[in-house]
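Here is what each chain is made of, one letter per residue.
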Amino acid sequence: MTGAGTDPLNRRALELDTIAAVLPMERRDELAELLTDQDVETLRHLVNEGMGVNTLSALASDLTYLQAWSLASTGASLPWPAPEALLLKFIAHHLWDPEKRRSDPQHGMPVEVERMLRDQALLKVVGPHAPDTVRRRLATWSTLTKWRGLNGSFASPALKSALRLAVRATPRPRKRKSAKAVTGDVLAKLLATCRTDSLRDARDRAILMVAFASGGRRRSEIAGLRKEQLTVEPPIPVDGAPPLPSMSIHLGRTKTSGADSDEVVYMAGRPVEALNAWMTHARIDSGSVFRAIDRWGNVSKRALDPKAINDIVKQRAAQAGLDAAEFSAHGLRSGYLTEAANRGIPLPEAMEQSRHRSVQQASGYYNSATRRSGRAARLL
């Protein structure tokens, strides 16, 4: 009989647990069944190399899905490198024509493969995947192949052509991640629901203020924020008033930064006070800043899941009498830029705080505000 210490599943589960502080994975046992020893070793290597938390979380998520899909569709784990035929199968299973599916039930992802992925809660969309999701997972697959010192078929003309044609066959209207931006007036309503000194109100107040004031941080960045990323800065003098407390947040490598970049943003005043109040109240002196709170008021030692940030925004919107369906965590990011535009803050200055790399993307939030109140709309 194999001992617990040598059982492959138990060993992988324990190894995954050792990197849980960097990759918050609540489905450790399920991952241990899906990922191979080499997969886990790759993730551990990347942790030791200091890869950013958000990038690692995305890689682990994509790798888990790819392995589950391979097992469901071929009965075997991913081969390294993957043959071109398997890459083409992946595209065919995820990007397909809904009209053709009505006349041909075999078009797209087979029913049995779909059922297996849904049973594991890995497949949630109804219909074909978003092209960006498929491209990202193929990019992850390619990156992991290169890290293994192997060459794949990801640049083959056949694959590029198949992807292009498949995307054309699955039109998806582009939607904003949050129907409405959480601008200053909306934020004030959300904060008004955090009026008590309870742990939950203190935490949610800090989350909302920090996420907004630090440039509209992504929910993954807020959920993964650690005390070690915070640096107390010299107070900012204010005429006729007490100086404002100041703090910097070292984001490390982010979704849009370069490999060697250490992104830094700054906060001053009320957001810093709210964050300090939460950390004092919850007695957080190291590790994850924002954590779960159970029904008895106990603060967990583990970081909040990024989805929890989204849930908090929606819950506070509902408590404020707003339509929760119209708001999400991304609304804090779009709301920061929209509010900056409303207040006449130059786009480059706002982008320094939001850390947007694309002027085209960031200016999209500015357009409505500037066009509505600008000179072009007031010619008469």
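Residues numbered from 1 in each chain as written. Predicted model: local features only at pLDDT ≥ 70, side-chain atom pairs only at ≥ 80, totals over all residues. Heavy atoms only, no water.

Remarks on the packing of aromatic side chains
Then, in step 1: Tallied over the full model, the rule gives 5 aromatic pairs.
Then, in step 2: Consider the rings of Trp69 and Trp141, whose centres lie 6.3 Å apart with planes at 70°: the pair is edge-to-face. With Trp69 in helix 4 (residues 53-74) and Trp141 in helix 8 (residues 131-147), this residue pair connects regions lying 72 residues apart in the sequence. Each member of the pair, Trp69 together with Trp141, is buried.
Then, in step 3: Ring geometry for Phe212 and Tyr336: centres 5.9 Å apart, planes at 70°, overall edge-to-face. Of the two residues, Phe212 sits in helix 11 (residues 199-213) while Tyr336 sits in helix 15 (residues 330-342), which places them 124 residues apart along the sequence. As far as burial versus exposure is concerned, Phe212 and Tyr336 are alike and both buried.
Then, in step 4: Counting every residue linked through ring pairs, the aromatic cluster contains Trp69, Phe90, Trp141 and Phe154. (Phe/Tyr/Trp six-rings, centres within 6.5 Å; stacked < 30°, edge-to-face > 60°. Helix = DSSP H or I, 4+ residues; strand = E, 2+ residues; numbered from the N terminus. Buried < 20%, exposed > 50% of the residue type's maximum accessible area, 1.4 Å probe, protein only.)

Considerations on the packing of helix 15 against helix 16 (residues 347-354)
Then, in step 1: Close contact between helix 15 and helix 16 brings their axes to 10 Å; oriented N to C, the two are set at 155°. Here helix 16 runs roughly antiparallel to helix 15, going by the angle between their axes. Where helix 15 crosses over helix 16, the two elements pack in a sense that is right-handed. Between helix 15 and helix 16, the residues in contact are Arg333, Tyr336, Leu337 and Ala340 and Ala350, Gln353 and Ser354, respectively. (Axes fitted to C-alpha atoms, helices over the stretch in contact; angles between N-to-C directions. Parallel < 35°, antiparallel > 145°, perpendicular 65-115°, else oblique. Left-handed = near helix turned anticlockwise from the far one by under 90°. Contact = heavy atoms within 4.5 Å.)

With respect to the environment of Gly149
Then, in step 1: Locating Gly149 in the fold gives a position in the loop between helix 8 and helix 9 (157-169).
Then, in step 2: Remark: the alpha-carbon pair of Gly149 and Trp80, spanning 69 residues in sequence, is separated by 9.9 Å.

Description of the pattern of salt bridges
Then, in step 1: Applying the stated criterion across every chain yields a total of 18 salt bridges.
Then, in step 2: Between Arg136 and Asp62 there is a salt bridge; the shortest N-O distance is 2.7 Å. Separated by 74 residues along the polypeptide, Arg136 in helix 8 and Asp62 in helix 4 bring together distant segments of the chain.
Then, in step 3: In this structure, Glu221 and Arg217 form a salt bridge, with 2.7 Å as the shortest nitrogen-oxygen distance. Neither residue differs from the other here; Glu221 and Arg217 are each classed as buried.
Then, in step 4: Overlapping salt bridges bring together Asp201, Arg203, Asp204 and Arg316 as one network. (Salt bridge = Lys/Arg side-chain N within 4 Å of Asp/Glu carboxyl O.)

Brief notes about the environment of Ala72
Then, in step 1: If you trace the backbone, Ala72 turns up in helix 4.
Then, in step 2: Sequence separation between Ala72 and Pro110 is 38 residues, and the spatial gap between their C-alpha atoms is 9.8 Å.
Then, in step 3: Setting aside chain neighbours within four positions, we find Ala72 in contact with Val113 and Met116.

Here we look at a nonpolar patch on the surface
Then, in step 1: Taken together, the side chains of Ile236, Val238 and Leu244 present a nonpolar region at the surface, about 190 Å² in accessible area.
Then, in step 2: Position of Val238 relative to the elements: it lies in strand 1 (residues 230-238).
Then, in step 3: What makes Val238 partly exposed here is its relative accessible area of 32%. (Patch = residues over 30% accessible without salt bridge, like charges linked within 9 Å, V, L, I, M, F, W, Y side chains within 5 Å. Areas by Shrake-Rupley, 256 points an atom, 1.4 Å probe, with all protein chains shown as cover.)

So, the pairing of strand 3 (residues 263-268)
Then, in step 1: Alternating residues of strand 3 divide into Glu263, Val265 and Met267, all buried, and Val264, Tyr266 and Ala268, none buried.
Then, in step 2: Across 6 bridges, strand 2 (residues 241-252) lies against strand 3 in antiparallel orientation. Each residue of the ladder has a partner; that of Ser246, found in strand 3, is Ala268. (Pairing = 2+ DSSP bridges.)

A closer look at helix 11
Then, in step 1: Spanning 15 residues, helix 11 covers 21 Å between terminal C-alpha atoms, matching the ideal 21 Å at 1.5 Å per step.
Then, in step 2: The element helix 11 is extensively covered by neighbouring structure, given that 12 of its 15 residues are classed as buried.
Then, in step 3: Within two residues after helix 11, Gly215 carries a phi angle of roughly 105°, on the positive side. (Expected span 1.5 Å × (residues − 1).)

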